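Each chain, letter by letter, is given below.
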Amino acid sequence: MAVALPGVTLPSVVEELLSEMAAAVQENAQIPDEHLLSLKFIFGSSAIQALDLVDRQSITLISSPSGRRVYQVLGSSGRTYLCLASCHYCSCPAFAFSVLRKNDSLLCKHLLAVYLSQVTRTCRQLKVSDKQLTDILFTKKKQEA
Amino acid sequence: MLRMAEALRRALNLGSSAESEEYTTEAGPPLLLLGGPGSGKTSLLFTAALEAAGEGRGPILFLTQRPLQSLPRGRGAVLDPLRLQKIRFQYPPSTHELLQLLCSAHEARGPAPSLLLLDGLEEYLVGDWGPQEVAYLAALLLDTAAHFSHQIGPGHGCGLIVALQIQEEGDSGDALQLSLLQRYFPAQCWLQVDAQGPGQHCLRACLDPGGQGPRAEWWVAFQPDGEMTVTPWPAQTGNPSSDKGSSSEGQP
């Protein structure tokens, strides 16, 4: 893809890094140091925090029989945040401020953790009913409003 | 070509006889249709729905707060009942109900829509909306279309076109809201009133497919009897750089 669409896709440099990481993890079961350095270079301190979330297995992929999916990330503060699987959205305050309002970050640490957990395949999986998934998507809205 | 833009492009291309472009079924990025009051957004959206209904794919889900007052005229051949039957109108009366509809879209039974349309997004963004709420509504629209695409299966996607009424320039109140929406809708089509075009009420439509193809422009004209005609913008084949500054596109 020639152009990064900020709400929908990652810049190609990040896409490449993630797919290289995925290949390396499949081969050696760990992320090479140079990839960690690249990650730190692109995302700064968020990279460390996101890796920490992955280490703690804080990311849960929630899916229903319909096939719709959503991620829930347990933040370091003990709060859980909702991350959509199809586009860049996280319900945390940092996403609202740094990504949406100031536009000076690409992702928050929770969304980055979702991407990294896909690479390392360390997502927890939770199956819920279609109705329960509706409630998860909709309740999140009500809490914020 | 992108399917998302394709439905609209086909709607806009009615005036030209050249239909040489091969038609693909890939759903491109979501499209935001922007224009002032009375700029023909609803007519174009409905025409896009009719075009998509003629493709022989899934139904079209058309979300709007109130029923259409009139149907675009001058398209007699295409306004056939079989196509109309494929368009499912739903009228969420409030933002709350729209969000509920999107959050529960995966509970619906029956074939997944091949195109999701929302008219009058601005009516759902009234009140005290923070950036996160606006972003969540936009993201949910994308997520719902993505879920429909997943249901349809690989190779075919569900397109998404959302119409938003924008204020005339000078009103900066919606700047943040608009830039948030543009983050999620990289492809945009701007409609501007153009007094120099053919017909009584003429608009200039400028389609920017989000960096994934060339920009294209049309004239959309409405006759006094409501008939809609679409003709390619003449400058397109001439000097493409001459019209750069005249569009209201870009970050405010």
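Residues numbered from 1 in each chain as written. Chains lettered and ligands numbered in written order. Predicted model: local features only at pLDDT ≥ 70, side-chain atom pairs only at ≥ 80, totals over all residues. Heavy atoms only, no water.

Chain B appears in an unreviewed UniProt entry as SWIM-type zinc finger 7 associated protein 1 from Ailuropoda melanoleuca.

Under the annotation held in an unreviewed UniProt entry, chain A carries the name Zinc finger SWIM-type containing 7 and is attributed to Ailuropoda melanoleuca.

A. Here's a closer look at the overall build of chain B. Counting its secondary structure elements, chain B contains 7 helices and 9 strands. Residue burial in chain B is summarised as follows: out of 252 residues, 54% are buried. Restricting to contacts in chain B with at least 6 residues of sequence separation, those with at least 24 account for 70%. Looking at chain B as shown, the accessible area adds up to about 10700 Å², and 51% of this sits on carbon and sulfur atoms. (Helix = DSSP H or I, 4+ residues; strand = E, 2+ residues; numbered from the N terminus. Buried < 20%, exposed > 50% of the residue type's maximum accessible area, 1.4 Å probe, protein only. Contact = heavy atoms within 4.5 Å. Areas by Shrake-Rupley, 256 points an atom, 1.4 Å probe, with all protein chains shown as cover.)

B. Region of the structure containing the overall build of chain A. Within chain A one finds 6 helices and 4 strands. Put simply, chain A runs from its N terminus to its C terminus through helices and strands in the order α-α-α-β-β-β-α-α-β-α. By the compact-globule yardstick of 15 Å for 145 residues, chain A fits well, its C-alpha radius of gyration being 15 Å. Taking the principal axes of its C-alpha atoms as reference, chain A extends roughly 45 × 35 × 35 Å. Here chain A holds 145 residues, and the buried ones make up 46% of them. Total accessible area computed for chain A in this model is approximately 7400 Å², and 51% of it derives from carbon and sulfur atoms. In chain A, which carries 15 positive and 12 negative side-chain charges, the distance between the mean positions of the two groups comes to 13 Å. (Rg over C-alpha atoms; globule rule 2.2 N^0.38 Å. Lys, Arg positive; Asp, Glu negative; His and termini not counted. Charge placed at Lys NZ, Arg CZ, Asp CG, Glu CD.)

C. Summary view of the UniProt feature "domain: SWIM-type" (unreviewed entry) in chain A. In this structure's numbering, the residues bearing the UniProt feature "domain: SWIM-type" (unreviewed entry) are residues 71-119 of chain A. Each end of residues 71-119 of chain A is marked by a C-alpha atom, and these two atoms are 15 Å apart; helix forms 41% of the span and strand 18%. (UniProt positions renumbered as here; feature names shortened; annotations may be inferred.)

D. Fine view of the side chain of B:Asp119. Residue and element names in this part refer to chain B. In this fold, Asp 119 is placed in the loop between strand E4 (115-118) and helix H5 (121-124). Here Asp 119 is buried and forms no salt bridge, its nearest opposite-charge partner Lys 41 lying at an N-O distance of 6.4 Å. Once you skip the residues sitting within four places of it in the chain, Asp 119 turns out to touch Thr 42, Leu 45, Phe 62, Leu 63, Thr 64, Tyr 124 and Ala 163. (Salt bridge = Lys/Arg side-chain N within 4 Å of Asp/Glu carboxyl O.)

E. Here's a closer look at the sheet that holds strand E2 (residues 60-63) of chain B. Residues and elements named next belong to chain B. One open sheet holds the 9 strands; their spatial order is E3-E2-E4-E5-E1-E6-E7-E8-E9, and the pairing between them is mixed. Each edge of the open sheet is held by one strand with a lone partner, namely strand E3 (87-90) and strand E9 (228-232). Across the sheet, the axes of successive neighbouring strands diverge by a mean angle of 20°, strand direction being ignored. Here 5 bridges tie strand E8 (residues 216-222) to E9, and the two strands are oriented antiparallel to one another. If you follow Trp 218 over to E9, its bridge partner there is Pro 232. (Pairing = 2+ DSSP bridges. Axes fitted to C-alpha atoms, helices over the stretch in contact; angles between N-to-C directions.)

F. Broad picture of the pairing of strand E3 (residues 80-84) of chain A. All names here are of chain A. With respect to burial, E3 is a largely interior element, 4 of its 5 residues being buried. Bridging between strand E2 (residues 69-74) and E3 involves 5 bridges; their strand directions are antiparallel. Across the sheet, the residue bridging to Val 70 is Leu 84, located in E3. Where E2 folds back onto E3 in an antiparallel hairpin, the turn is made up of 5 residues, including Gly 78, whose phi is positive at roughly 95°.

G. Inspection of helix H7 (residues 175-184) of chain B at higher detail. Most of H7(B) is tucked away, with 7 of its 10 residues classed as buried. Three or more residues of H7(B) are buried, namely B:Gln177, B:Leu178, B:Leu180, B:Leu181, B:Gln182, B:Arg183 and B:Tyr184. Along its buried surface, H7(B) packs onto helix H4 (93-101) of chain A together with strand E1 (31-35), H5, helix H6 (131-152), strand E5 (159-165) and strand E6 (187-193) of chain B.

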